[in-house]
Each structure stands twice: as C-alpha cells, then as structure tokens.
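Remarks on the overall topology
Below are the chains, spelled out letter by letter.
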Amino acid sequence: AQSVTQLGSHVSVSEGALVLLRCNYSSSVPPYLFWYVQYPNQGLQLLLKYTSAATLVKGINGFEAEFKKSETSFHLTKPSAHMSDAAEYFCAVSWSNTGKLIFGQGTTLQVKP
Amino acid sequence: GAGVSQSPSNKVTEKGKDVELRCDPISGHTALYWYRQSLGQGLEFLIYFQGNSAPDKSGLPSDRFSAERTGGSVSTLTIQRTQQEDSAVYLCASRTSGGMTPQETQYFGPGTRLLVL
C-alpha cells in the first residue's frame, strides 16, 4: 500500500539552529507532496508543495523542501529556527486524481530558547 | 476572505447518540473533503465530494458514518450511535476544483473536536 513516513515524532532544536523534518514515501511513482503545519487548536496550513515544476520548493515562513526521487524523500528544512515555529508538521502525499491526501504521522517541533 | 468554517468547534456526546458536524467550504470551491485526526490513527481521509459526482466514500470507517453535501456547498458529516473510538478531531477541507488536479491546495477548517463519553 502507498504510504508516507515521517521519521521522528518529536524533534527538538535550539532557537537559531537548523530545522530538518524528514518525510519519505513508498512508491516508485512520485506523488504530489505537501507539507502542512498545525498550530495548537487550529486547522492545517499549507507550508509548501511539490508539483514537479522544481525539485527545490520554497514555502512560507522561511521553510523549504527538496524532492529527491532517488531517495523517495521530501524533507523539510529551515536554516534558523524561531520560537514561533513550534508546532506539529505533517507531510502529505497524493497519488489520486481526486487529490485525497495521505498523511504522515506528524512531527512535533519543539524550539528551545 | 472567509476560509473554511466548521461547527460546532467542540462537541461532547454520550455513547450511542447521533451527532452532526457541519462544514462550510470556501465560496466557489467545488471539491470538499472530510478527514479525521485521532491519537491512534493520525490524520485519515474519510470522504470526498466533487460537484454532482458520486462521492468517494472509501475512507468511511463504518456504516455508522455518512455525509452529504447540499447544493454543492455546505456539507454535514453524521455519525450514528457514536462509540468512544469515534472521539477525534474532524477536519473539513475544500479546494477550487476537483478531478485531475491533485496538486491543487486544500484549505482546511479549524476542525470539530468530538468527545464521546
């Protein structure tokens, strides 16, 4: 079955440090890939998405992600963490023409002062 | 502009009761999705509506779950004879169009937090 895996349910970084959140999908057919962020008691907000136009995708709030087909990965990075980045991050993929999303288990990002 | 809205924001019910959850998509969005977010199962797809086409119900966990979309706009998710395992956050999302555009962004509402006692 097609699936998406986020390695690490919790990631803790210091303010100003690099943020790296990992996402891998399980198919030889590249899907459409998305990263969403969820702040406490809020819905999901799109950070960025890969749609095959470019392998390095820039999103909001200084985040970016690189699609690597050979590694079936779409890891999310940010050069310098800010306290306001503390949230839960979801990688999602879509192989379906209907656009229904398959989500990873989520990674909670903690930013320490 | 107005985003996706959901009501109620919180719902507490007793086991065995029926509940209705409402979603108002962004105006003009023809595609609407329901997802469920629970501690045990994470975020999972429930159902998808696109215009007047038959909905994709492949994610509904049991026949106690049903949904409808009236007039191509508002959607209601109904859970009959609620069970404790139905406790979760139910998220609604919408996007401009459906079909053949899987890369299009889905916009999510704040969710309805359901607690079944």
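Figured I'd write up the structure that's included with this text. These numbers come from a predicted model, not from an experiment.

Helix and strand counts for chain B stand at zero helices and ten strands. Tracing chain B from N to C terminus, the helices and strands come up as β-β-β-β-β-β-β-β-β-β. Taken along its principal axes, the extent of the C-alpha atoms in chain B is 40 × 30 × 25 Å. The buried share of chain B, taken over its 117 residues, is 50%. Pairs at least 24 residues apart make up 56% of the contacts formed inside chain B by residues separated by at least 6 positions. Looking at chain B as shown, the accessible area adds up to about 5,600 Å², and 47% of this sits on carbon and sulfur atoms. The average position of the 11 basic charges and that of the 11 acidic charges among the side chains of chain B differ by 2 Å.

In total, this model carries two disulfides over all chains according to the counting rule given. Cys23(A) shares a disulfide with Cys91(A); S-S distance 1.9 Å. Taking the torsion about the sulfur-sulfur bond, which here is approximately -60 degrees, the covalent link between Cys23(A) and Cys91(A) counts as left-handed. Residue Cys23(A) is located in the loop between strand E3 (19-21) and strand E4 (24-25), and its partner Cys91(A) is located in strand E10 (residues 87-94); the two are separated by 68 residues in the primary sequence. For the pair formed by Cys23(A) and Cys91(A), the shared burial category is buried. At a sulfur-sulfur separation of 1.8 Å, the disulfide partner of Cys23(B) is Cys92(B). Given an S-S torsion of about -65 degrees, the disulfide between Cys23(B) and Cys92(B) has left-handed geometry. Note that Cys23(B) is positioned in strand E3 (residues 19-24) and Cys92(B) in strand E8 (residues 88-95), a separation of 69 residues in sequence.

Turning next to a nonpolar patch on the surface. Residue and element names in this part refer to chain B. Nonpolar side chains collect at one region of the surface, where Val12, Leu115 and Leu117 lie side by side and expose about 290 Å² of accessible area between them. The topology assignment puts valine 12 in strand E2 (residues 10-13). Residue classification places valine 12 among the exposed positions, given a relative accessible area of 54%.

All names here are of chain B. Across the sheet, which stays open at both edges, the four strands sit in the order E1-E3-E7-E6 with antiparallel pairing between neighbours. Since the sheet does not close on itself, it has two edges, and those belong to strand E1 (5-7) and strand E6 (65-69), each with one partner. Between one strand and the next, the sheet's axes are offset by a mean angle of 15 degrees, whatever the strand orientation. Pairing of E1 with E3 involves three bridges; the strand directions are antiparallel. Its bridge partner lying in E3, serine 7 is registered against arginine 22.

What counts and what doesn't
Residues numbered from 1 in each chain as written. Chains lettered and ligands numbered in written order. Predicted model: local features only at pLDDT ≥ 70, side-chain atom pairs only at ≥ 80, totals over all residues. Heavy atoms only, no water. Helix = DSSP H or I, 4+ residues; strand = E, 2+ residues; numbered from the N terminus. Buried < 20%, exposed > 50% of the residue type's maximum accessible area, 1.4 Å probe, protein only. Contact = heavy atoms within 4.5 Å. Areas by Shrake-Rupley, 256 points an atom, 1.4 Å probe, with all protein chains shown as cover. Lys, Arg positive; Asp, Glu negative; His and termini not counted. Charge placed at Lys NZ, Arg CZ, Asp CG, Glu CD. Disulfide = S-S within 2.5 Å. Patch = residues over 30% accessible without salt bridge, like charges linked within 9 Å, V, L, I, M, F, W, Y side chains within 5 Å. Salt bridge = Lys/Arg side-chain N within 4 Å of Asp/Glu carboxyl O. Pairing = 2+ DSSP bridges. Axes fitted to C-alpha atoms, helices over the stretch in contact; angles between N-to-C directions.

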